[in-house]
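Examining the three-dimensional arrangement
The chain contents come next:
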Amino acid sequence: MHLRSVPDWLRHPPTPSVRGFGLLAGIEAIARGILISVMPLEIYRALGAAARVSEVYFLVGLLSLGTGLMVPYATRFVPRRWVYAGGCAMFAVGAALGAAGGVVAMVAALAMVTAATVTIFVCFNAYVLDHIAKADLGRCETSRMFFGALGWTAGPWLGVTLLDLWRPLPFIIATLAALTMLGVFVWQRLGNGRLITRARGPAPNPLAWLPRFAAQPRLVAGWVFAVIRSCGWWVYVVYLPIFAVERGLSEALGGMLLSASNGMLFATPLMLAWMQRRSIRQAVRTGFTAAGLLFVIAAVLGGWPWAAVAALALASVFLVLLDISAGLPFLLAVKPSERTEMSAIYASFRDVSGIVTPGVAWLVLLAAPLSGVFALTGAGLLGCAHLARRLHPRLGTVHRREIPLSHAPESG
């Protein structure tokens with residue numbers, strides 16, 4: 001009889017929805033968005049040279065890559081809900097270290113925040129794969145980006161603004177946002193489903209899935225798209241602010257431009273509608289081609305800082321288009337039986353780009369200015385545009401009729 005006084009949602013928690021995952025993504029966007037423009041500036045201030053910044057990001061990327069690949073292995077011993085919760089807690093601790101300041105604390109903060117981000121990303125993708133129907137992939141991705149639009153739009157500008165008012169303030173806000181994300185995760189009860197049940201057999205080492213991944217060209221191509229797209233964002237987020245400072249422009253310019261670029265996330269429903277009327281292949285090719293050309297133009301116009309910055313800002317619009325479309329070729333090819341392992345491999349694109357971008361930039365800066373980094377990034381984006389020609393023209397369609405992406409296959 002006592003059960004009658006217990007609310008129904010406590011006895012039978014609702015199935016996680018697209019909106020619920022969007023809410024989690026929105027809170028994560030606040031935590032990451034307010035630090036995304038602050039971290040490069042603080043690391044640059046602490047180290048004093050763009051090449052040393054690249055070195056630090058390169059080493060942190062190696063650490064983060066190993067973390068992401070080992071998340072599925074960790075779930076062999078720890079339920080996924082605790083891994084996700086641990087990622088939130090690690091993010092909060094990393095942000096708190098950033099508030100302390102200093103070279104050691106800033107490098108440690110960057111390492112913890114980056115590792116926490118990839119941990120949360122792997123777990124988030126695995127939850128989406130189990131709880132969101134295949135027909136709702138496009139809607140879930142668009143909802144995730146739309147909910148995150150406010151954090152990614154206001155965060156970068158707000159971060160550098162608050163940094164000038166009181167240095168620890170953006171880090172404190174990021175800490176509170178990470179703890180809020182943990183609270184919402186617990187409230188949504190994502191950890192009470194079948195996904196957190198211990199496996200009957202031992203979980204394989206995630207590295208053992210690499211040959212299986214390499215044997216599927218569609219997965220490899222989709223992963224390459226994600227890596228190069230992420231490299232474009234890395235250059236825009238890390239090296240554009242440094243370029244502005246070196247050329248005598250405002251330190252806040254990078255954060256302001258990133259906020260403006262992320263404002264395009266509010267236009268993702270319009271981009272989705274445009275993609276519905278065309279195809280995934282056309283959207284991917286358009287994004288990579290336009291972004292690549294604009295990065296090359298920025299390199300050519302490196303002697304005119306404002307012109308170069310304008311070209312990069314315009315390129316970011318097409319990077320947002322790629323955020324919507326470039327991950328779909330991989331996600332459409334993932335088999336349900338491989339969802340957890342392939343989610344970890346797919347999530348590695350963040351860390352691989354976090355290794356490749358500063359590593360290559362480190363070498364380029366030994367012999368060329370930052371414009372050389374922009375040129376090489378443009379070449380990589382144009383290479384992906386060429387690779388995208390091999391995508392099937394009817395990818396994501398059935399019976400010669402295009403499936404609305406609000407009813408597209410499920411996201412990772």
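Values in this document were obtained by computation on a predicted structure and should not be read as measured data.

Moving on to the overall build of the protein chain. A count of helices and strands for the protein chain gives 17 helices and 2 strands. In the protein chain, of all internal contacts separated by at least 6 residues, the share reaching a separation of at least 24 is 88%.

If you walk through the whole model with that rule in mind, you get 4 salt bridges. When the shortest N-O distance is used, the salt bridge between Arg-45 and Glu-42 registers 2.9 Å. With Arg-45 and Glu-42 both in helix H3 (residues 38-47) and 3 residues apart, this pair spans about one turn of that helix. Since its relative accessible area comes to 41%, Arg-45 is described here as partly exposed.

Packing of helix H13 (residues 280-300) against helix H17 (residues 370-387) leaves a shortest axis separation of 7 Å and a crossing angle of 160°. Taken together, the axes of H13 and H17 are roughly antiparallel relative to one another. Relative to H17, the crossing made by H13 is left-handed. Mapping the contact onto sequence places Arg-285, Phe-288, Thr-289, Ala-291, Gly-292, Leu-293, Phe-295, Val-296 and Ala-299 in H13 and Ser-371, Phe-374, Ala-375, Thr-377, Gly-378, Ala-379, Leu-381, Leu-382, Cys-384 and Ala-385 in H17. For the contact of H13 with H17, the class distribution of residues is 13 nonpolar, 5 polar and 1 charged.

Here we come to H17. With 18 residues, H17 extends 26 Å from end C-alpha to end C-alpha; this agrees with the ideal 26 Å at 1.5 Å per step. For H17, the full list of buried residues reads Leu-370, Ser-371, Val-373, Phe-374, Thr-377, Gly-378, Leu-381, Cys-384 and Ala-385. One side of H17 holds all its buried residues, which, seen down the axis, span an arc of 155°.

This paragraph deals with the state of the cysteines. Tallying each qualifying case throughout the model produces 0 disulfides. There is no disulfide at Cys-384, and the cysteine sulfur nearest it, in Cys-231, is 8.8 Å away.

Attention now moves to the packing of aromatic side chains. Scanning all chains against the criterion turns up 11 aromatic pairs. Summarising the aromatic geometry, the rings of Phe-21 and Phe-124 are spaced 5.5 Å apart at their centres and angled 85° between planes, so their arrangement reads as edge-to-face. With Phe-21 in helix H2 (residues 18-36) and Phe-124 in helix H6 (residues 103-131), the pair connects residues that are 103 residues apart, well separated along the chain. Residue classification places Phe-21 among the buried positions, given a relative accessible area of 2%. Relative to Phe-288, the ring of Phe-225 has its centre 5.6 Å away and its plane inclined at 40°; by these criteria the two rings are tilted. In this pair, Phe-225 is assigned in helix H10 (residues 217-246) and Phe-288 in helix H13, connecting sequence segments 63 residues apart.

Within the element layout of this structure, Ser-259 appears in helix H11 (residues 253-262). Ignoring sequence-local partners within four residues, the contact set of Ser-259 consists of Trp-152, Thr-153, Ala-154, Gly-155, Pro-156 and Trp-157.

Here we take up helix H4 (residues 50-74). An ideal rise of 1.5 Å per residue puts 36 Å on 25 residues; H4 measures up with 35 Å between its terminal C-alpha atoms. Along H4, the largest kink reaches about 25° and is centred on Gly-68; proline Pro-72 follows within four residues of it. By the burial criterion, the buried members of H4 are Ala-50, Val-53, Ser-54, Val-56, Tyr-57, Val-60, Gly-61, Ser-64, Gly-68, Leu-69, Val-71 and Pro-72.

What follows is about the nonpolar core. By size, the foremost hydrophobic cluster in this structure holds 85 residues, and its most contacted members are Leu-35, Tyr-239 and Phe-288. The element that contributes the greatest number of residues to this core is H10, accounting for 12 residues. With residues near it in sequence (within four places) discarded, Phe-288 still touches Phe-225, Ile-228, Arg-229, Leu-322, Ala-326, Leu-381, Leu-382, Cys-384 and Ala-385. Residues Tyr-84, Ile-120, Phe-330 and Ile-345 belong to the second largest nonpolar core, which totals 38 residues.

For the rest of this paragraph, the subject is the confidence of the model for the protein chain. For the protein chain, the mean per-residue pLDDT works out to 80, and 82% of the residues sit at or above 70. Across residues 192-203, confidence stays below pLDDT 50; counting only partners more than four residues off in sequence or on other chains, it has 18 contacts. Below pLDDT 50 for its whole length, residues 398-412 participates in 52 contacts with residues either more than four positions away or in separate chains.

Close contact between H10 and helix H14 (residues 305-325) brings their axes to 10 Å; oriented N to C, the two are set at 150°. The orientation of H10 relative to H14 falls into the category roughly antiparallel. Like other packed secondary-structure pairs, H10 and H14 cross with a definite hand, here left-handed. Facing Arg-229, Gly-232, Trp-233, Tyr-236, Leu-240 and Phe-243 of H10, the residues of H14 in contact are Pro-305, Ala-308, Val-309, Leu-312, Ala-313, Ser-316, Leu-319, Val-320, Leu-322 and Asp-323. The residue inventory of the contact of H10 with H14, partitioned by class, reads 12 nonpolar, 2 polar and 2 charged.

Scoring rules and cut-offs
- Residues numbered from 1 in each chain as written.
- Predicted model: local features only at pLDDT ≥ 70, side-chain atom pairs only at ≥ 80, totals over all residues.
- Heavy atoms only, no water.
- Helix = DSSP H or I, 4+ residues; strand = E, 2+ residues; numbered from the N terminus.
- Contact = heavy atoms within 4.5 Å.
- Salt bridge = Lys/Arg side-chain N within 4 Å of Asp/Glu carboxyl O.
- Buried < 20%, exposed > 50% of the residue type's maximum accessible area, 1.4 Å probe, protein only.
- Axes fitted to C-alpha atoms, helices over the stretch in contact; angles between N-to-C directions.
- Parallel < 35°, antiparallel > 145°, perpendicular 65-115°, else oblique.
- Left-handed = near helix turned anticlockwise from the far one by under 90°.
- Nonpolar A, V, L, I, M, F, W, Y, C, P; charged D, E, K, R; others polar.
- Expected span 1.5 Å × (residues − 1).
- Arc of directions from axis to C-beta.
- Disulfide = S-S within 2.5 Å.
- Phe/Tyr/Trp six-rings, centres within 6.5 Å; stacked < 30°, edge-to-face > 60°.
- Bend = angle between axes of the 7 residues up to and from the residue.
- Core = buried A, V, L, I, M, F, W, Y, C linked by side-chain atoms within 4.5 Å.
- pLDDT = per-residue confidence, 0-100.

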